[in-house]
There are 2 protein chains.
Amino acid sequence: MHSVMELIKIYECLCDLTRLRLIHLLQEGPLCVCHFQEVLREPQVKISKHLSYLRERGLVVCERQGNWMIYALPPKPDRELGSNLACLQDCAQENPVFRADRARLKKLAPKFAETSPCGCRPGERG
Amino acid sequence: MHSVMELIKIYECLCDLTRLRLIHLLQEGPLCVCHFQEVLREPQVKISKHLSYLRERGLVVCERQGNWMIYALPPKPDRELGSNLACLQDCAQENPVFRADRARLKKLAPKFAETSPCGCRPGERG
DNA sequence: GCTTCATATTCCTTCTTGCGTATATTCTCT
DNA sequence: AGAGAATATACGCAAGAAGGAATATGAAGC
């Protein structure tokens, strides 16, 4: 009755559009909040709260870098999370929303590179 | 902005323990409500409402057989659902809760076989 | 110490979900 | 038609989630 809750926790994290987009972007590499804001074009509170939600449940980790908080997927996800991340990757490949997010990230990457803390490397896989 | 909602709908269906158990059991084959009741040891209302929830969202289909309603996974799931069902199958394999449900289903299968409508074949893959 | 920037948290409202009790529906059999 | 079995729905409630506005925290630079 314990490890099944892990699984449910994962699904709870995945069943919101904003969180799905956040996680999907993290699959391209670590990012900080303000970059999420620009790619998703959503207000800071919304981004930040969803990232907190994900962090509390272990779907993302974060690290402070000066003023910036760098978010990333956990370095060693357990079986359930790994399996679901792979599944999401698969489902997101052809999906218009996710494709658009990836395109937008790619387009903004050079701009981000100028002003970013060193731990935040959009477009590079973490 | 449409097909991503399909994906979210799937995750919404998967993020409840009872629904997860229902879907997992259906991966073993079609079942009717009263059999779910016995395997899960949950009240009829609960089972029935969660099945309705799943049906409305296209994660299960059902067919009347006299007094019984036979529930099953959709015969031709689309990519997102198929992918997630496979992922669930993977995650459920070693999970205590799901293992117990499978064991219980197996144990009850002979008893079900006597009283079941013909469309309901617990233990056989649909 | 004060300001500024990036991010987090609090408060409030609205909407959804899950559960249980009770009741309705739908079919079968006589 | 009436009874009984299997399943579904309605209602009320408590809890949680999502959003926005405002405010708080924490680090950096002067």
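Every value quoted in this text rests on a predicted model; they were computed, and no experiment measured them.

Student: Give me the lowdown on the protein's contact with DNA strand C, citing residues and values where you can.
Tutor: In the vicinity of DNA strand C there are 23 residues, among which Cys32, Val33, Cys34, Ser48 and Asn67 of chain A approach most closely. For the surface near DNA strand C, the secondary structure elements donating two or more residues are helix 3 (33-40), helix 4 (44-56) and strand 3 (68-72) of chain A together with helix 4 (44-56) of chain B. Examining the composition of the surface near DNA strand C, we find that six residues originate from one element, helix 4 of chain A, more than from any other. Taken together, the residues of the surface near DNA strand C break down into 11 nonpolar, seven polar and five charged.

Student: Which residues make up the relation of the copies chain A and chain B, and what values go with them?
Tutor: For the pair chain A and chain B, the relating rotation is 180°, the translation along its axis is 0.0 Å, and the fit reaches an RMSD of 0.0 Å. Those values place the two copies in the arrangement expected of a two-fold rotation axis. Minimal C-alpha distance to the rotation axis in chain A is attained by Tyr11 of chain A, lying at 2.8 Å. Both copies contact each other with a shared surface, as 100% of the interface residues of chain A are interface residues in chain B too.

Student: Got a sec to walk through helix 1 (residues 3-14) of chain A? Specific residues and values, please.
Tutor: Given a rise of 1.5 Å per residue, 12 residues ought to cover 16 Å, and the 17 Å separating the end C-alpha atoms of helix 1 of chain A matches this to within 8%. For helix 1 of chain A, the complete set of buried residues consists of Leu7, Ile10, Tyr11, Cys13 and Leu14 of chain A. When helix 1 of chain A is viewed along its axis, its buried side chains cluster within an angular range of 160° and face the same direction. The secondary structure elements touched by the buried residues of helix 1 of chain A are helix 2 (17-26), helix 4 and helix 5 (79-92) of chain A together with helix 1 (3-14) and helix 5 (79-92) of chain B.

Student: Lay out the interface of chain A and chain B with the relevant residues and their values.
Tutor: Taken residue by residue, the interface counts 21 residues in chain A and 21 residues in chain B. Listing elements by their share of the side of chain A that touches chain B, those giving two or more residues are helix 1, helix 2, helix 5 and helix 6 (96-115) of chain A. Residue composition of the side of chain A that touches chain B, grouped by class: 13 nonpolar, four polar and four charged.

Student: Please set out the protein's contact with DNA strand D residue by residue, giving values where relevant.
Tutor: Around DNA strand D, the structure places 22 residues, and the nearest of them are Cys32, Val33, Cys34, Ser48 and Asn67 of chain B. In terms of residue count, helix 4 of chain B provides more of the surface near DNA strand D than any other element does, six residues in total.

Criteria and thresholds
Residues numbered from 1 in each chain as written. Chains lettered and ligands numbered in written order. Predicted model: local features only at pLDDT ≥ 70, side-chain atom pairs only at ≥ 80, totals over all residues. Near = placed C-beta within 6 Å. Helix = DSSP H or I, 4+ residues; strand = E, 2+ residues; numbered from the N terminus. Nonpolar A, V, L, I, M, F, W, Y, C, P; charged D, E, K, R; others polar. Least-squares fit on C-alpha atoms with pLDDT ≥ 70 in both. Contact = placed C-beta atoms within 7 Å. Expected span 1.5 Å × (residues − 1). Buried ≥ 20, exposed ≤ 12 C-beta atoms within 10 Å, placed from the backbone. Arc of directions from axis to C-beta.

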